[in-house]
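A structural walkthrough
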Amino acid sequence: MPQTPYEVLGVKPDASADEIRKVYRKLAKQFHPDLNPGKPEAEARFKAISAAYDLLSDPEKRTRYDHGEIDETGQERPQRSYRTYAEGAQGWRYQPEGEMDLSDLEDLFAAFGSAGRRGRGQAGEGFRARGGDRHFTLTVDFTTAATGGTQRLSLAPEEWLDVTIPAAIEDGQVLRLRGKGGPGFGGGPAGDALIEVHVAPHPLFRRDGDNILVELPVSLAEAVLGARVPVPTVTGPVTMTIPKGSDTGGQLRLRGKGIRRRGRVGDQIVILKVVIGQSGDPELAAFLEKWAPQRSVDPRQGMPSA
Amino acid sequence: MMAFEELLHSFHGLDSRDLARWIANRWVLPEPRGQTWIFHEVDVARVKLILEIRHQFAIDEEAMPLVLGLLDQVYDLRRQLRRICDALAVQPRDVQDAVRRTLPSPRGPEIPHD
């Protein structure tokens, strides 16, 4: 996360304009490039301090920043009003408690046609209606979304439901649990629970259709000489052979280790990333100095010169 | 999707005790996750709305349940109305026309005259 302008100046978010000005003057003197010749980090710091002060010293900009309308660089943040969300699918979660009152629904249906009969006091069929649907959001981790599993959903304080997550579920899909919504009225069936599922991003795995992509760091020796290394998959680690002479960007396929659904199953694609790691090793440096490659390769070949 | 700390970071007028109280009051309903919460887009927009009501309109926390309660009712009505409109939109043309003809004018019954 980038530093806030308050953090850059080291002041509290409720600091007065006077306080901010004093702190700025002190820091600006301390890090001024003319007073710190040949120190690029002081210059960078001075720029950051100036930018933070520029934002916080302007009352209008400061207010807009505090309200989240602009970011720390003064750029407009995308503004979507609450209304956009309230009227969208997520808005159902803020349905007033008890949602659409059944007595309201009764009034509504009564208004449609049967009002006359009921109004004339005819005893007879009672009002019968299905209960309302209840809407929830549930975030599942990447591996649960890939392989399926159960996840606990909080319906209300002290009320829980263990939801079965089907394998291969995608971000934004909605699960409908029949009969887990509001109670029915006059013997009518209960409504459904509609659960919008969000898949949390994973630090290693990414999804590409039914395939799972993983970037795998390998050492220089493993890439050049080949090796057998453990690789994480959504169903647990497996051992994979890195062929001799591999390079960064090389792709290896673990068949059947992707997402499984309706009889089809994807693969896990492992993308190699060579990590030198031991670049401080004097032996490696000494070897490279003596080393005369049989074929010299320019790794930047084809790159436009900027 | 945002964590509690991340949300505090993006609204600088926001105090962690205020936000915790708003959650306890059920003014904001983030998704519980262990000891903390996950804020979805609607929840983030709702926190922004509450901040605006508190500071720009100077409405204190005692009046907040009333304001939020009325807003929630309005949005609920709008969603319910949209459901009815969506259901009408897929009806045959003559059903739609019949409904349109029988909708009373918002200005009250029309008085025929010539």
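Residues numbered from 1 in each chain as written. Chains lettered and ligands numbered in written order. Predicted model: local features only at pLDDT ≥ 70, side-chain atom pairs only at ≥ 80, totals over all residues.

Here we take up the overall build of chain B. On a plain count of helices and strands, chain B comes out with five helices and three strands. Along its sequence from the N terminus, chain B presents helices and strands in the succession β-α-α-β-β-α-α-α. Across the 114 residues in chain B, those meeting the buried criterion constitute 18%. In chain B, the proportion of contacts linking residues at least 24 apart, taken out of those at least 6 apart, comes to 47%. (Helix = DSSP H or I, 4+ residues; strand = E, 2+ residues; numbered from the N terminus. Buried ≥ 20, exposed ≤ 12 C-beta atoms within 10 Å, placed from the backbone. Contact = placed C-beta atoms within 7 Å.)

It is worth spelling out the sheet that holds strand β10 (residues 251–254) of chain A at this point. All names here are of chain A. Read from one edge of the open sheet, four strands run β6-β7-β13-β10, paired in mixed fashion. Single-partner strands in this sheet number two, and they are β6 (205–208) and β10. Strand-to-strand twist in this sheet, taken as the mean axis angle between neighbours without regard to direction, amounts to 35°. Sheet analysis places β10 next to strand β13 (residues 268–275), joined by four bridges and oriented antiparallel. The partner of Q251 across the bridge, within β13, is I271. (Pairing = 2+ DSSP bridges. Axes fitted to C-alpha atoms, helices over the stretch in contact; angles between N-to-C directions.)

Once that is clear, we can look at unusual backbone geometry. Although it is not a glycine, A168 of chain A sits at a positive phi angle of roughly 70°. Its identity is not glycine, yet R26 of chain B carries a phi of approximately 65°, on the positive side. Mapped onto the secondary structure, R26 of chain B falls in the loop between α2 (16–24) and β2 (31–33).

Next up on the list: the environment of M2 of chain B. All names here are of chain B. One can find M2 in strand β1 (residues 2–3). Residues M2 and I38, spaced 36 residues apart in sequence, show a C-alpha to C-alpha distance of 5.8 Å. Setting aside residues no more than four positions away along its own chain, M2 makes contact with L7, F39 and V44.

Moving on: the sheet that holds strand β1 (residues 134–140) of chain A. Within a sheet, adjacent strands bond to each other through the backbone by hydrogen bonds, running parallel or antiparallel. Residues and elements named next belong to chain A. Spatially, β1-β5-β4 is the arrangement adopted by the three strands of the open sheet, whose pairing is mixed. Where the open sheet ends on each side, the last strands, each with one partner, are β1 and β4 (174–177). Taken over all neighbouring pairs, the strand axes of this sheet differ in orientation by 25° on average, direction set aside. Where β4 lies against strand β5 (residues 193–199), four bridges are found, and the strand directions are antiparallel. In the strand pairing of β5, L177 is matched with A193.

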